[in-house]
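Coordinate analysis (summary)
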Amino acid sequence: MGPTNVYFMKCFRTLCCKGPPPPRPEYDVVCIGLTGSGKTSLLSRLCSEATDNIVPTTGFSIKAVPFQNAILNVKELGGADSIKKYWSRYYQGSQGVVFVLDSASSEEDLEVARTELHSALQHPQLCTLPFLILANHQDKPAARSVQEIKKYFELEPLARGKSWILEGSTVDNMTAVKESFAQLIHLLEEKDQETGRI
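Residues numbered from 1 in each chain as written. Predicted model: local features only at pLDDT ≥ 70, side-chain atom pairs only at ≥ 80, totals over all residues. Heavy atoms only, no water.

To continue, consider the side chain of H118. Inspection of the secondary structure assignment puts H118 in helix α4 (residues 107-122). Excluding residues within four positions of it along the chain, H118 makes contact with F153, E154 and L158. (Helix = DSSP H or I, 4+ residues; strand = E, 2+ residues; numbered from the N terminus. Contact = heavy atoms within 4.5 Å.)

On to the sheet that holds strand β1 (residues 26-32), then. With mixed pairing, six strands are arranged side by side in an open sheet as β2-β3-β1-β4-β5-β6. The strands lining the two open edges of the sheet, one partner per strand, are β2 (60-66) and β6 (164-168). Recorded for the sheet is a direction-independent mean angle of 20 degrees between the axes of neighbouring strands. Summarising the sheet, β1 and strand β4 (residues 96-102) pair through four bridges and their orientation is parallel. Residue pairing in the sheet places V29 in a bridge with G96 of β4. Sitting on the sheet, helix α7 (residues 174-194) is in contact with β1, β3 (71-77), β4, β5 (131-136) and β6, with an inclination near 175 degrees to β6. (Pairing = 2+ DSSP bridges. Axes fitted to C-alpha atoms, helices over the stretch in contact; angles between N-to-C directions.)

This part covers the nonpolar core. Counting 26 residues, the largest nonpolar core has I32, F131 and I133 as its most contacted members. In terms of residue count, the dominant contributor to this core is α4 (five residues). Ignoring sequence-local partners within four residues, the contact set of F131 consists of V97, L117, A120, L121, L126, S163, W164, I165 and L184. (Core = buried A, V, L, I, M, F, W, Y, C linked by side-chain atoms within 4.5 Å. Buried < 20%, exposed > 50% of the residue type's maximum accessible area, 1.4 Å probe, protein only.)

With seven bridges connecting them, β2 and β3 associate as antiparallel partners. Bridge pairing links A64 to N73 in β3. Count of turn residues in the β2/β3 antiparallel hairpin: four residues.

Time to look at the packing of aromatic side chains. Tallied over the full model, the rule gives three aromatic pairs. Ring geometry for F60 versus Y90: centroids 4.9 Å apart, planes at 50 degrees, classification tilted. Placement of the pair is F60 in strand β2 and Y90 in the loop between α3 (81-84) and β4, with a sequence separation of 30 residues. Since its relative accessible area comes to 39%, F60 is described here as partly exposed. (Phe/Tyr/Trp six-rings, centres within 6.5 Å; stacked < 30°, edge-to-face > 60°.)

Here we take up the pattern of salt bridges. Here the structure, examined in full by the defined rule, presents six salt bridges. Across the salt bridge formed by E116 and K84, the nearest N and O atoms sit 3.9 Å from each other. Here K84 lies in helix α3 and E116 lies in helix α4, a separation of 32 residues in the sequence. Assessed through its relative accessible area of 16%, E116 is described here as buried. (Salt bridge = Lys/Arg side-chain N within 4 Å of Asp/Glu carboxyl O.)

In this section: α4. Between its first and last C-alpha atoms α4 spans 23 Å; for 16 residues at 1.5 Å apiece the expected length is 22 Å, and the two agree. Where α4 is concerned, the buried positions are L110, A113, R114, E116, L117, H118, A120 and L121. (Expected span 1.5 Å × (residues − 1).)

Here it is, written out as structure tokens:
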């Protein structure tokens, strides 16, 4: 093979073998939680956006959050009382749920968060979906441990038979947050395979 042919083969191999990477699967996920639980900050940090001027979400916002093996299209719903009553209108089409709670909040707010999580876990459009529950603000002195949250929220009896993950989180440890999302993606992939959507 002459030098021209060798050069041609090299170019050909480069063009053929370095095509675009295979498309990552995309999943539609709804993100809920009370105002102040830290939903927007966590999602902004996951997208490498600045978090200095975060304001509470009114209505909803959608972010495409890229991970190594999937893209999550996260629909974040505002957590104010005036918006909470409309949450269920935005559930349709969701394949997974992220519920963020402030583990350092008052007893009263924790009680409200528990009620909201229970109603989400039992909602007809969400009850069969994988849940990632983030006990956020673990870095605050008043934060309750993940074990305390699990017990207080009665997750063992309530979520038996469902796919759910409960993890502690803080905006200063995004490695752990990404790890939690990786677990959620694993559950989403498993659900895909069960339903034959490969």
